[in-house]
Amino acid sequence: MALRAPPPIPGVPEVRGLPVLGSLPAFGRDPVGFLRRIARDHGDLVQLTLGTHRLLLVNEPALIEEALVQRHRSLHKDALYELLRPLLGNGLVTAEGDAWKQDRRLCAPSFTPRHVATWRDAMDQEVQRWVDGLPATAELDLFHEMMRMTARIVLRTLFGDVEVDVRAAASALDTVMAEFVHDAQGRRAFLPPWVPTRGRLRARRAIRVLDDLLVDILAARRGRGPGDDLLSALLAARDEEGRGMDDVQLRDEAITLFAAGHETTATALTYTLLLLATHRDEERALLEDPSRVEAVLQESMRLLPPVWAIGRETQEPIALGSITVPAGIQVLLAQCVTHIDPRYWDAPTAFRPGRWLDGSERPRFAYFPFGGGPRVCIGNHFAMLEGTLALNRIVPTVSFEPLGPVPPAAIASITWRPSEPVPVRVTRRQ
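Worth saying up front: this structure is predicted, and the values here are computed from it rather than measured.

## Structural notes on the overall build of the chain
And then number 1: Helices and strands together make up the secondary structure of the chain, namely 17 helices and twelve strands.
And then number 2: Computed over the C-alpha atoms, the radius of gyration of the chain is 21 Å, within 12% of the 22 Å expected from 2.2 N^0.38 for a compact globule of 430 residues.
And then number 3: Burial status across the chain gives 53% buried among its 430 residues.
And then number 4: When contacts within the chain are restricted to residue pairs at least 6 apart in sequence, those whose partners lie at least 24 apart make up 75%.
And then number 5: Averaging the coordinates of the 51 positive side-chain charges in the chain and doing the same for the 54 negative ones gives two points 4 Å apart.

Pasting the structure below:
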């Protein structure tokens, strides 16, 4: 482990931090607010240190596109993704090089828009099951409910008719996500990963729970034969040389798809339903014209992006715009910054779904909720179908009254998720 951050990048404004710690304390207190402040104060490129890492924040869409598309071979996942390796193994999110290419080729056919559409009925049935279970009126934690609903959707599409302990899987994943924050942004960031703190031991126990569940699921699926679920497709997938996935690869991909496809959509739906509940004119417009649903979801993910930033690490010196970025630099591309940049968005902090329907043009990477380039999120079509189906099923059926602040207090973990329960009063529409 390096003892100090790499030297400054010539020609790039720098945020001065504390000795040794750099900007880690300020970043750890409020990552989203901190990044927005330094982008506002320093412009398209700004550098800082977080402990032993030097970070380059990139805020201009053309430079973001250059990093994710033209320079992608020289940019691997950053140091924070290594903290996810105990959970995700060498799945699509963490793999690099030839291993990632093989995984992507094997998984990609299952995530084309045509194949994703085959899960429409399963998604719709799980949303309807959740709606049917609601009383005429009740107070509930909206984020918890959305997590429960999306867990059922992703587990059903992943594993089909195999019985899965949804509560145990969701609880274990939640534990790992919560502990990630302490390793990424807190004092544990300075401890080697092998130091067994209480939080790390909790995370390891949670990962063992998920591993045990997957062992049982794989055995059950093999015993029942193929189905129309994603696990069956992965079991049957072969590359051009006829090689399939071994059990370790299957475990890593299944965990990755569950983790990536569960909390992100639950977070997006929670925020969208809260925004509609506090913008009744937009809610009425959606009720009158359900075709607006995609614009509503896009606008929600612009304002409150579940994936708030993407990190990469330079593997060699690269040109980015007019500067040269040395090897070993953490490059951060932050949706939470660019999505509300007033250069590209009128009234950037206002909830206006109509901006997606009025023909306005803006740079391609002014909006990138699923990333971009060769490593664009493989589940983007899945997430949009799930989100739009859920909204068009839920909004006409029930009304929500927030009982807390909107937006709710949030924590920038792997996702930008609510940090506390999200109380709402739910009432069935007449």
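## A few points about the sheet that holds strand β4 (residues 137–141)
And then number 1: Spatial strand order, β4-β12-β9: three strands in an open sheet with antiparallel pairing. The strands lining the two open edges of the sheet, one partner per strand, are β4 and β9 (398–402). Averaged over all neighbouring strand pairs, the angle between strand axes comes to 30°, with direction disregarded.
And then number 2: The strands touched by helix α9 (residues 142–159) within the sheet are β4, β9 and β12 (423–428), with β4 carrying the most contacts at an inclination of about 85°.

## Re a nonpolar patch on the surface
And then number 1: Judged by side-chain polarity, Leu18, Val20 and Leu21 come together as a nonpolar surface patch covering roughly 280 Å² of accessible area.
And then number 2: Note on placement: leucine 21 falls in the segment before α1 (24–29).

## A word on the packing of aromatic side chains
Geometrically, a pair of aromatic rings is defined through the distance of the ring centres and the angle of the planes.
And then number 1: One pass over the structure, following the stated rule, counts eight aromatic pairs.
And then number 2: Ring centres of tryptophan 119 and phenylalanine 382 lie 5.8 Å apart, and the angle between their planes is 65°; on these two criteria the pair is classed as edge-to-face. Separated by 263 residues along the polypeptide, tryptophan 119 in the loop between α7 (113–116) and α8 (120–132) and phenylalanine 382 in helix α17 (residues 380–394) bring together distant segments of the chain.
And then number 3: According to the relative accessible area criterion, tryptophan 119 is buried, its value standing at 3%.
And then number 4: Ring pairs connect the aromatic residues Phe27, Phe34 and Trp308, which therefore count as one cluster.
And then number 5: Note that arginine 302 overlies the ring of tryptophan 345, its terminal NZ or CZ placed 5.0 Å from the centroid.

## Looking at the pairing of strand β8 (residues 330–333)
And then number 1: Here β8 shows two buried faces, one formed by Gln330 and Leu332 and the other by Val331 and Leu333.
And then number 2: Pairing of strand β2 (residues 53–58) with β8 involves four bridges; the strand directions are parallel. Residue pairing in the sheet places valine 58 in a bridge with leucine 333 of β8.
And then number 3: Two strands pair when backbone bridges link them, and strand β5 (residues 310–314) and β8 are joined in this way by four bridges, in the antiparallel orientation. When the bridges of β8 are listed, glutamate 313 appears paired with glutamine 330.

## Let's talk about the layout of surface pockets
One water molecule sets the probe size; rolling that probe over the atoms shows where empty space is left.
And then number 1: Estimates place the volume of the second largest pocket at around 340 Å³.
And then number 2: Along its surface, the second largest pocket is lined by 15 residues, and His144, Met147, Arg148, Ala170 and Ser171 are the ones closest to its centre.
And then number 3: Where the lining of the second largest pocket is concerned, the elements lending two or more residues are α9, α10 (166–185) and β11 (416–418).
And then number 4: The greatest single-element share of the lining of the second largest pocket, amounting to five residues, is contributed by α10.
And then number 5: Its residues assigned to classes, the lining of the second largest pocket comprises six nonpolar, three polar and six charged.

## Describing the pattern of salt bridges
And then number 1: All told, the structure shown has 25 salt bridges when counted by the stated rule.
And then number 2: Here arginine 148 ties to glutamate 145 by a salt bridge, and the two come within 2.6 Å at their closest N and O atoms. You can see arginine 148 and its partner glutamate 145 sitting in helix α9, three residues apart, about one turn around the helix.
And then number 3: Judged by its relative accessible area of 12%, glutamate 145 falls in the buried class.
And then number 4: Residue glutamate 282 pairs with arginine 292 through a salt bridge whose shortest N-O separation is 3.2 Å. With glutamate 282 in helix α14 (residues 280–288) and arginine 292 in the loop between α14 and α15 (293–303), this pair connects stretches of sequence that are ten residues apart. Each of the two residues, glutamate 282 as well as arginine 292, counts as buried.
And then number 5: Overlapping salt bridges bring together Glu126, Arg129, Arg152 and Arg156 as one network.

## Let's talk about the nonpolar core
And then number 1: Among the nonpolar cores identified, the biggest contains 134 residues, and Leu35, Leu56, Phe159, Ile394 and Phe400 are the most heavily contacted of them.
And then number 2: When residues of this core are assigned to their parent elements, the largest contribution, 15 residues, is made by helix α13 (residues 247–277).
And then number 3: Residues within four places of leucine 35 in sequence aside, it is in contact with Phe27, Leu57, Trp308, Leu332, Ala334, Cys336 and Val337.

## Considerations on empty space enclosed by the protein
And then number 1: Overall, the coordinates contain two cavities of 30 Å³ or more when judged by the stated rule.
And then number 2: The computed volume of the largest cavity comes to approximately 90 Å³.
And then number 3: As for the largest cavity, its lining consists of Leu155, Phe159, Val164, Ala169, Leu210, Leu213, Leu214, Ile217, Ala254, Ile255 and Phe258.
And then number 4: For the lining of the largest cavity, the elements supplying multiple residues, two or more each, are α9, α11 (198–224) and α13.
And then number 5: A per-element tally of the lining of the largest cavity places α11 first, with four residues.
And then number 6: Broken down by class, the residue content of the lining of the largest cavity amounts to eleven nonpolar, no polar and no charged.
And then number 7: Of the volumes computed, that of the second largest cavity is approximately 30 Å³.
And then number 8: Sorting the residues of the lining of the second largest cavity by element identifies α13 and β9 as the ones contributing at least two each.
And then number 9: Looking at the lining of the second largest cavity residue by residue, the classes come out as five nonpolar, no polar and two charged.

How each quantity is defined
- Residue positions are given per chain, counted from 1 along the sequence in the order it is written.
- Where local features are concerned, this predicted model is filtered to residues with pLDDT of at least 70; where side-chain atom pairs are given and counted, the filter is 80 or more; whole-chain, interface and lining totals use all residues.
- As a rule here, side-chain values come from all non-hydrogen atoms in the structure, and water together with hydrogens is ignored.
- Where helices and strands are cited, they refer to DSSP runs of H or I of at least four residues and of E of at least two residues respectively, numbered from the N terminus.
- As defined in this context, the radius of gyration uses C-alpha atoms, and a globule is described by 2.2 Å times the residue total to the power 0.38.
- For the exposure calls, accessible area comes from a 1.4 Å probe over protein chains only, and a residue counts as buried if that area is under 20% of its type's maximum, exposed if over 50%, partly exposed in between.
- Residue contacts are counted whenever heavy atoms from the two residues lie within 4.5 Å of one another.
- Under the counting rule used here, the positive set is Lys and Arg, the negative set is Asp and Glu, and His together with the chain ends is not counted.
- Every charge is mapped onto a representative atom, which is NZ of Lys, CZ of Arg, CG of Asp or CD of Glu.
- Paired strands are those between which DSSP finds at least two bridges.
- Here, axes are lines fitted to C-alpha atoms. For helices the fit covers the stretch in contact, and angles between N-to-C directions go from 0 to 180 degrees.
- The patches described consist of residues with a relative accessible area above 30% and no salt bridge, like charges being joined within 9 Å and nonpolar side chains (Val, Leu, Ile, Met, Phe, Trp, Tyr) within 5 Å.
- The Shrake-Rupley method, run with a 1.4 Å probe sphere, supplies the accessible areas, and residue values consider only the shown protein chains as cover.
- Throughout this description, the term salt bridge denotes a Lys or Arg side-chain nitrogen within 4 Å of a carboxyl oxygen of Asp or Glu.
- Note on aromatic contacts: the rings of Phe and Tyr and the six-membered ring of Trp form a pair at centre separations within 6.5 Å, being stacked when their planes are under 30 degrees apart, edge-to-face when over 60 apart, and tilted otherwise.
- By the criterion adopted, a ring carries a charge over it if an Arg CZ or a Lys NZ lies within 6 Å of its centre and within 35 degrees of its normal.
- Cavity: a set of points on a 1 Å grid over the protein atoms alone where a 1.4 Å probe fits but cannot get out. Pocket: an open set with protein on both sides within 12 Å along at least five of seven lines, its lining residues, like those of a cavity, having an atom within 4 Å of a point.
- Grid points are joined across faces, edges and corners, and a volume is the space filled by probe spheres set on the points.
- Note that Gly is not counted as nonpolar here; it falls among the polar residues with everything else outside the nonpolar set of Ala, Val, Leu, Ile, Met, Phe, Trp, Tyr, Cys and Pro and the charged set of Asp, Glu, Lys and Arg.
- Among buried residues, those of type Ala, Val, Leu, Ile, Met, Phe, Trp, Tyr and Cys that are joined through side-chain atoms within 4.5 Å constitute a nonpolar core.

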